[in-house]
Amino acid sequence: MAQKPNKKGNARAQKADSVNSAVKFLLAGCLAEAYLLVLRKYFINGKLEQVVQWDGYLQIIVYAGLIIAAAGLALGLVFRKEKSWKQSAGWTLLGAGAFLAVASWLVRNYVYTAIIVPVVMLLGILWSLYDRECVYSLSVLGVTVLVLWLCRKGLGTVVWNTKVLIAAVLYLAVMAVAGVLFWKAGKADGMLGNVRMLPKGSDAMPVYASCVLSLAAVAVGLISTTAAYYAIWAVCLVIFALAVYYTVRQL
């Protein structure tokens, strides 16, 4: 009888940690998206004087981001065995610095912002709150939507056609390998050799099915940009259905 309160307390603590992690991902995603909106306003859509100024700012921000990331990595490694605010601060600085450096470099060189930040934020929230098979399934399908979006926007263009085609083919290969690995793990109660890919008793079928669906969707998307458009909507409907299913199961 004395163990039941402990189990309940542990469950509550784990739930609180999951909620805290989800909130952190939400706040980080909002800050990252706000930074991209500033770049869009003053660099991509700004006046000539603003564009020139921000071109210099971005070059400085890239180097500053690399320095911040290096400092965060060093701090995280030094305190990697301690679960303290110093370790958390180190990994936070690493992520923030890496984002500033990569995002600023991409915008400065390609004058482009994408929907990657909201997707990463959403996947982080899912990773914190949902079962692993749900996270893997929705992650695979979410990345598939991005690949299909690239196919729709890049195929047939002079600059991006070859790059997008290569990326799509590589993604097909990755999904084929991932599907086989998750299929094997499902037959071995989540284990792949000595590596645990899924928790005990979990169902690998949704992950395996997501890989197969991704293969089919991207293959169809390579046919034409119109096919990619309809494939995006089909995959989004599956994502919505899975999200509703796992949300109800979590209650």
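Look up a bit, the structure's there.
Rules used throughout
Residues numbered from 1 in each chain as written. Predicted model: local features only at pLDDT ≥ 70, side-chain atom pairs only at ≥ 80, totals over all residues. Heavy atoms only, no water. Helix = DSSP H or I, 4+ residues; strand = E, 2+ residues; numbered from the N terminus. Expected span 1.5 Å × (residues − 1). Buried < 20%, exposed > 50% of the residue type's maximum accessible area, 1.4 Å probe, protein only. Axes fitted to C-alpha atoms, helices over the stretch in contact; angles between N-to-C directions. Parallel < 35°, antiparallel > 145°, perpendicular 65-115°, else oblique. Left-handed = near helix turned anticlockwise from the far one by under 90°. Nonpolar A, V, L, I, M, F, W, Y, C, P; charged D, E, K, R; others polar. Phe/Tyr/Trp six-rings, centres within 6.5 Å; stacked < 30°, edge-to-face > 60°. Lys NZ or Arg CZ within 6 Å of the ring centre and 35° of its normal. Contact = heavy atoms within 4.5 Å.

Asker: How do you make sense of helix α2 (residues 48-78) when you look at a structure like this?
Answerer: One full turn of an α-helix is made of 3.6 residues, so residues set three or four places apart face in the same direction. If you check α2, its first and last C-alpha atoms are 45 Å apart, about what 31 residues at 1.5 Å a residue would give, namely 45 Å. Along α2, the positions that sit buried rather than exposed are W54, L58, V62, G65, A69, G72 and G76.

Asker: Please explain the packing of α2 against helix α3 (residues 85-110) as it appears in this structure.
Answerer: If you want to describe how two helices pack, look at the angle between their axes and the distance between the axes. One way to put it is that α2 packs onto α3 with a least axis distance of 7 Å and a crossing angle of 155°. It follows from the interaxial angle that α2 and α3 lie roughly antiparallel. α3 is crossed by α2, and the crossing has left-handed handedness. In the contact of α2 with α3, the residues fall into 18 nonpolar, eight polar and three charged.

Asker: Looking at this structure, how should I read the packing of aromatic side chains?
Answerer: Counted according to the given criterion, the structure contains five aromatic pairs. With centroids separated by 6.0 Å and ring planes inclined at 15°, the aromatic side chains of Y42 and W54 adopt a geometry described as stacked. Taken together, the residues Y42 in helix α1 (residues 3-44) and W54 in helix α2 connect sequence positions twelve residues apart. Looking at W54, the relative accessible area reads 16%, which means it is buried. Put simply, the rings of Y42, W54 and Y57 pair up and form one aromatic cluster. Sitting over the ring of W160, K163 keeps its end group 4.9 Å from the ring centre.

Asker: Can you help me understand the packing of helix α5 (residues 132-154) against helix α7 (residues 205-221) in this one?
Answerer: Two elements in contact, α5 and α7, have axes whose closest approach is 9 Å; the angle formed by their N-to-C orientations is 5°. Relative to α7, the element α5 lies roughly parallel. Two secondary-structure elements touch here, α5 through E133, Y136, S137, V140, L141, T144, V147, L148 and C151 and α7 through P206, V207, S210, C211, L213, S214, A217, V218 and G221. When its residues are assigned to classes, the contact of α5 with α7 shows twelve nonpolar, five polar and one charged.

Asker: Help me understand the side chain of S137 in this model?
Answerer: With respect to the element layout, S137 can be found in helix α5. Not counting chain neighbours up to four residues away, the residues in contact with S137 comprise P206, V207, S210 and L242.

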